[in-house]
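# Structural characterization, general
Listed below, chain by chain, are the residues.
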Amino acid sequence: EAGVTQFPSHSVIEKGQTVTLRCDPISGHDNLYWYRRVMGKEIKFLLHFVKESKQDESGMPNNRFLAERTGGTYSTLKVQPAELEDSGVYFCASSIGETQYFGPGTRLLVL
Amino acid sequence: GQQLNQSPQSMFIQEGEDVSMNCTSSSIFNTWLWYKQDPGEGPVLLIALYKAGELTSNGRLTAQFGITRKDSFLNISASIPSDVGIYFCAGPPLSGSARQLTFGSGTQLTVLP
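Structure report, in brief.

This brings us to the overall build of chain B. Scanning chain B from terminus to terminus reveals zero helices and 11 strands. The secondary structure elements of chain B, listed N-terminal to C-terminal, are β-β-β-β-β-β-β-β-β-β-β. The globule rule puts the C-alpha radius of gyration for 113 residues at 13 Å, and the 14 Å found for chain B is close to it. Taken along its principal axes, the extent of the C-alpha atoms in chain B is 45 × 30 × 20 Å. A buried classification covers 42% of the 113 residues belonging to chain B. Expressed as a percentage of contacts within chain B between residues at least 6 apart in sequence, the contacts between residues at least 24 apart total 54%. Of the roughly 5300 Å² of accessible surface on chain B, 52% is carried by carbon and sulfur atoms. In chain B, 6 side chains carry a positive charge and 8 a negative one; their mean positions are 15 Å apart.

Put into C-alpha coordinates, the structure is as follows:
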(Lines give C-alpha, C1' and ligand atoms only; values in the text may rest on other atoms or scores of the structure.)
Protein backbone atom coordinates (compact mmCIF):
# COMPACT_ATOMS: atom_id res chain seq x y z
CA GLU A 1 0.00 0.00 0.00
CA ALA A 2 1.37 3.41 -0.97
CA GLY A 3 2.12 5.79 1.86
CA VAL A 4 1.47 9.51 2.06
CA THR A 5 3.19 11.30 -0.79
CA GLN A 6 4.09 14.96 -1.06
CA PHE A 7 5.19 17.11 -3.95
CA PRO A 8 7.56 18.79 -4.45
CA SER A 9 10.21 17.40 -2.15
CA HIS A 10 12.06 20.71 -2.19
CA SER A 11 11.15 24.23 -3.24
CA VAL A 12 13.30 27.35 -3.30
CA ILE A 13 11.46 30.58 -4.03
CA GLU A 14 11.95 34.29 -3.56
CA LYS A 15 10.10 36.36 -1.05
CA GLY A 16 6.81 37.53 -2.53
CA GLN A 17 6.37 34.55 -4.83
CA THR A 18 3.66 31.93 -4.58
CA VAL A 19 4.20 28.26 -3.84
CA THR A 20 1.72 25.40 -3.85
CA LEU A 21 2.42 22.20 -1.99
CA ARG A 22 0.53 19.00 -2.70
CA CYS A 23 -0.28 16.03 -0.48
CA ASP A 24 -1.75 12.71 -1.53
CA PRO A 25 -2.96 10.81 1.53
CA ILE A 26 -3.15 7.06 1.91
CA SER A 27 -6.12 5.83 -0.08
CA GLY A 28 -9.26 5.68 2.04
CA HIS A 29 -7.98 7.97 4.78
CA ASP A 30 -10.62 10.62 5.47
CA ASN A 31 -8.43 12.59 7.86
CA LEU A 32 -5.68 14.73 6.39
CA TYR A 33 -3.40 17.02 8.39
CA TRP A 34 -0.82 19.66 7.57
CA TYR A 35 2.06 20.38 9.94
CA ARG A 36 5.15 22.57 9.69
CA ARG A 37 8.58 22.41 11.27
CA VAL A 38 10.65 25.55 11.29
CA MET A 39 14.36 24.73 11.66
CA GLY A 40 15.24 23.32 15.05
CA LYS A 41 11.81 23.84 16.49
CA GLU A 42 8.86 21.58 17.16
CA ILE A 43 6.54 20.27 14.48
CA LYS A 44 3.47 22.49 14.63
CA PHE A 45 -0.06 21.68 13.58
CA LEU A 46 -1.56 23.79 10.82
CA LEU A 47 -4.92 22.27 9.96
CA HIS A 48 -7.05 19.16 9.76
CA PHE A 49 -9.44 18.06 7.01
CA VAL A 50 -12.12 15.43 7.35
CA LYS A 51 -12.86 14.49 3.77
CA GLU A 52 -13.23 17.85 2.02
CA SER A 53 -14.20 19.84 5.11
CA LYS A 54 -11.85 21.84 7.29
CA GLN A 55 -12.31 20.37 10.75
CA ASP A 56 -9.76 22.56 12.48
CA GLU A 57 -7.62 25.33 11.00
CA SER A 58 -6.55 26.87 14.29
CA GLY A 59 -2.86 26.42 13.50
CA MET A 60 -2.82 28.34 10.22
CA PRO A 61 -0.37 31.23 10.75
CA ASN A 62 -2.19 33.91 8.74
CA ASN A 63 -4.27 34.53 5.64
CA ARG A 64 -1.31 34.07 3.32
CA PHE A 65 -1.85 30.34 3.76
CA LEU A 66 -4.72 28.62 1.95
CA ALA A 67 -5.42 24.91 2.15
CA GLU A 68 -7.89 23.03 0.00
CA ARG A 69 -9.04 19.45 -0.36
CA THR A 70 -11.49 19.45 -3.21
CA GLY A 71 -13.19 16.08 -3.63
CA GLY A 72 -11.80 14.84 -0.36
CA THR A 73 -8.75 13.20 -1.91
CA TYR A 74 -5.51 15.12 -2.32
CA SER A 75 -4.86 18.44 -0.65
CA THR A 76 -2.95 21.55 -1.59
CA LEU A 77 -1.41 24.20 0.62
CA LYS A 78 -0.73 27.50 -1.07
CA VAL A 79 1.45 30.23 0.38
CA GLN A 80 0.91 33.61 -1.25
CA PRO A 81 2.90 35.79 -1.00
CA ALA A 82 5.70 33.84 0.66
CA GLU A 83 7.76 35.48 3.42
CA LEU A 84 11.18 34.55 4.79
CA GLU A 85 9.69 33.12 7.98
CA ASP A 86 7.65 30.61 5.96
CA SER A 87 10.80 28.56 5.36
CA GLY A 88 10.67 25.13 6.90
CA VAL A 89 9.52 21.58 6.30
CA TYR A 90 5.84 21.11 5.59
CA PHE A 91 4.51 17.68 6.52
CA CYS A 92 1.25 16.13 5.55
CA ALA A 93 -0.25 13.23 7.48
CA SER A 94 -3.35 11.11 7.04
CA SER A 95 -5.30 8.73 9.23
CA ILE A 96 -8.39 6.59 9.52
CA GLY A 97 -8.25 6.17 13.28
CA GLU A 98 -5.86 7.58 15.83
CA THR A 99 -2.52 6.81 14.20
CA GLN A 100 -1.31 9.51 11.85
CA TYR A 101 0.96 8.48 8.97
CA PHE A 102 3.30 11.17 7.78
CA GLY A 103 4.60 11.97 4.34
CA PRO A 104 8.26 12.77 3.64
CA GLY A 105 7.64 16.51 3.74
CA THR A 106 8.29 19.43 1.42
CA ARG A 107 11.36 21.47 2.28
CA LEU A 108 10.57 25.10 1.53
CA LEU A 109 13.21 27.78 1.44
CA VAL A 110 12.16 31.38 0.94
CA LEU A 111 15.03 33.70 -0.03
CA GLY B 1 -1.95 25.56 24.44
CA GLN B 2 -0.12 22.44 25.46
CA GLN B 3 3.67 22.45 25.14
CA LEU B 4 6.20 19.64 25.28
CA ASN B 5 9.78 20.20 26.44
CA GLN B 6 12.10 17.60 25.00
CA SER B 7 15.69 16.97 26.04
CA PRO B 8 18.44 16.69 25.18
CA GLN B 9 18.33 18.69 21.97
CA SER B 10 21.11 16.55 20.47
CA MET B 11 23.21 13.56 21.41
CA PHE B 12 26.40 12.06 20.05
CA ILE B 13 27.00 8.50 21.18
CA GLN B 14 29.20 5.56 20.30
CA GLU B 15 27.70 2.56 18.57
CA GLY B 16 26.65 0.02 21.18
CA GLU B 17 25.85 2.58 23.87
CA ASP B 18 22.44 3.03 25.43
CA VAL B 19 20.51 6.28 24.96
CA SER B 20 17.86 7.98 27.02
CA MET B 21 15.75 11.01 26.13
CA ASN B 22 12.74 12.53 27.78
CA CYS B 23 9.80 14.79 27.37
CA THR B 24 7.98 16.89 29.96
CA SER B 25 4.89 19.02 29.96
CA SER B 26 3.27 21.50 32.32
CA SER B 27 -0.11 19.93 31.51
CA ILE B 28 -1.22 16.32 31.50
CA PHE B 29 -1.50 14.07 28.49
CA ASN B 30 -3.61 10.95 28.17
CA THR B 31 -1.49 9.54 25.37
CA TRP B 32 2.22 9.81 24.71
CA LEU B 33 3.68 9.04 21.31
CA TRP B 34 7.28 8.66 20.21
CA TYR B 35 8.15 9.25 16.56
CA LYS B 36 11.41 8.93 14.66
CA GLN B 37 12.30 10.96 11.60
CA ASP B 38 14.98 9.53 9.34
CA PRO B 39 16.91 12.01 7.19
CA GLY B 40 14.77 13.10 4.24
CA GLU B 41 11.71 11.25 5.50
CA GLY B 42 8.66 12.03 7.58
CA PRO B 43 8.11 11.02 11.22
CA VAL B 44 7.25 7.38 11.80
CA LEU B 45 5.46 6.20 14.93
CA LEU B 46 7.69 4.03 17.15
CA ILE B 47 5.73 3.58 20.35
CA ALA B 48 2.36 4.69 21.69
CA LEU B 49 1.58 4.84 25.43
CA TYR B 50 -1.97 5.05 26.74
CA LYS B 51 -1.83 4.56 30.51
CA ALA B 52 0.03 6.34 33.29
CA GLY B 53 2.90 4.13 34.44
CA GLU B 54 2.81 2.04 31.26
CA LEU B 55 6.15 0.66 30.11
CA THR B 56 6.23 -0.52 26.50
CA SER B 57 9.00 -2.03 24.40
CA ASN B 58 9.51 -2.26 20.67
CA GLY B 59 12.68 -4.20 19.99
CA ARG B 60 15.59 -2.23 21.45
CA LEU B 61 13.29 0.69 22.26
CA THR B 62 11.54 1.10 25.59
CA ALA B 63 9.25 3.97 26.52
CA GLN B 64 7.40 4.84 29.70
CA PHE B 65 4.36 6.98 30.42
CA GLY B 66 5.08 8.93 33.61
CA ILE B 67 2.86 8.45 36.66
CA THR B 68 2.03 12.16 36.79
CA ARG B 69 0.99 12.01 33.09
CA LYS B 70 3.25 14.99 32.52
CA ASP B 71 6.34 13.18 31.29
CA SER B 72 7.64 10.29 29.25
CA PHE B 73 11.02 8.86 28.40
CA LEU B 74 12.42 6.80 25.54
CA ASN B 75 15.40 4.48 25.90
CA ILE B 76 17.34 2.89 23.08
CA SER B 77 19.62 0.03 24.03
CA ALA B 78 22.77 -1.08 22.18
CA SER B 79 22.57 1.68 19.57
CA ILE B 80 23.38 0.95 15.94
CA PRO B 81 24.12 3.32 13.04
CA SER B 82 20.55 3.16 11.69
CA ASP B 83 19.28 4.68 14.95
CA VAL B 84 20.49 8.03 13.62
CA GLY B 85 17.66 10.50 13.20
CA ILE B 86 15.43 12.91 15.06
CA TYR B 87 13.22 11.54 17.82
CA PHE B 88 10.04 13.42 18.69
CA CYS B 89 7.64 13.01 21.54
CA ALA B 90 4.05 13.96 20.80
CA GLY B 91 0.58 13.87 22.26
CA PRO B 92 -3.00 14.51 21.14
CA PRO B 93 -5.34 16.98 22.88
CA LEU B 94 -6.98 15.85 26.10
CA SER B 95 -10.56 16.17 24.94
CA GLY B 96 -12.87 17.27 22.23
CA SER B 97 -12.94 16.37 18.57
CA ALA B 98 -9.58 17.98 17.83
CA ARG B 99 -6.96 15.52 16.68
CA GLN B 100 -3.95 17.65 16.12
CA LEU B 101 -0.72 16.41 17.70
CA THR B 102 1.51 18.57 19.87
CA PHE B 103 5.17 17.77 19.28
CA GLY B 104 8.36 18.34 21.23
CA SER B 105 11.25 20.06 19.49
CA GLY B 106 13.05 16.78 18.87
CA THR B 107 16.27 15.05 19.92
CA GLN B 108 18.83 14.74 17.14
CA LEU B 109 20.71 11.47 17.65
CA THR B 110 24.08 10.79 16.02
CA VAL B 111 25.67 7.35 16.41
CA LEU B 112 29.42 7.27 15.90
CA PRO B 113 31.05 4.04 14.67
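Okay, the side chain of B:T102 next. Within the element layout of this structure, B:T102 appears in strand β10 (residues 102-103). For B:T102, a relative accessible area of 18% puts it in the buried group.

Turning to its location among the elements, B:G59 is positioned in the loop between β6 (55-58) and β7 (61-65). In this structure the C-alpha to C-alpha distance between B:G59 and B:I76, which are 17 residues apart in sequence, comes to 9.0 Å.

As a further point, take the interface of chain A and chain B. Bring the parts together and some accessible area is lost; that lost area is often taken as the interface size. Chain A puts 22 residues into the contact, and the matching count from chain B is 17 residues. Both sides of the chain A and chain B interface together cover about 1600 Å² of buried area, and 52% of this is carbon and sulfur. The interface formed by chain A and chain B contains zero salt bridges. Counting residues per element, the ones that place at least two in the side of chain A that touches chain B are β4 (31-37), β5 (43-50), β6 (53-56) and β9 (88-95) of chain A. No other element matches the four residues that β4(A) contributes to the side of chain A that touches chain B. Looking at side-chain class alone, the side of chain A that touches chain B contains eight nonpolar, nine polar and five charged residues.

Residue and element names in this part refer to chain A. Spatially, β1-β3-β8-β7 is the arrangement adopted by the four strands of the open sheet, whose pairing is antiparallel. Edge positions in the open sheet fall to β1 (5-7) and β7 (65-68), since each of these has one partner strand only. Put simply, the sheet's adjacent strands are angled 15° from each other on average, direction ignored. Where strand β3 (residues 19-24) meets strand β8 (residues 75-79), five bridges bridge the pair, whose relative direction is antiparallel. Its bridge partner lying in β8, T20 is registered against K78.

Let us now look at the sheet that holds strand β3 (residues 19-25) of chain B. Residue and element names in this part refer to chain B. In space, the five strands of this open sheet follow the order β1-β3-β8-β7-β6, with antiparallel pairing throughout. Since the sheet does not close on itself, it has two edges, and those belong to β1 (4-7) and β6, each with one partner. Between one strand and the next, the sheet's axes are offset by a mean angle of 15°, whatever the strand orientation. Pairing of β6 with β7 involves four bridges; the strand directions are antiparallel. The residue of β7 that forms the bridge with N58 is L61.

Parameters at a glance
- Residues numbered from 1 in each chain as written.
- Chains lettered and ligands numbered in written order.
- Predicted model: local features only at pLDDT ≥ 70, side-chain atom pairs only at ≥ 80, totals over all residues.
- Heavy atoms only, no water.
- Helix = DSSP H or I, 4+ residues; strand = E, 2+ residues; numbered from the N terminus.
- Rg over C-alpha atoms; globule rule 2.2 N^0.38 Å.
- Buried < 20%, exposed > 50% of the residue type's maximum accessible area, 1.4 Å probe, protein only.
- Contact = heavy atoms within 4.5 Å.
- Areas by Shrake-Rupley, 256 points an atom, 1.4 Å probe, with all protein chains shown as cover.
- Lys, Arg positive; Asp, Glu negative; His and termini not counted.
- Charge placed at Lys NZ, Arg CZ, Asp CG, Glu CD.
- Buried area = accessible area lost by both parts, 1.4 Å probe.
- Salt bridge = Lys/Arg side-chain N within 4 Å of Asp/Glu carboxyl O.
- Nonpolar A, V, L, I, M, F, W, Y, C, P; charged D, E, K, R; others polar.
- Pairing = 2+ DSSP bridges.
- Axes fitted to C-alpha atoms, helices over the stretch in contact; angles between N-to-C directions.

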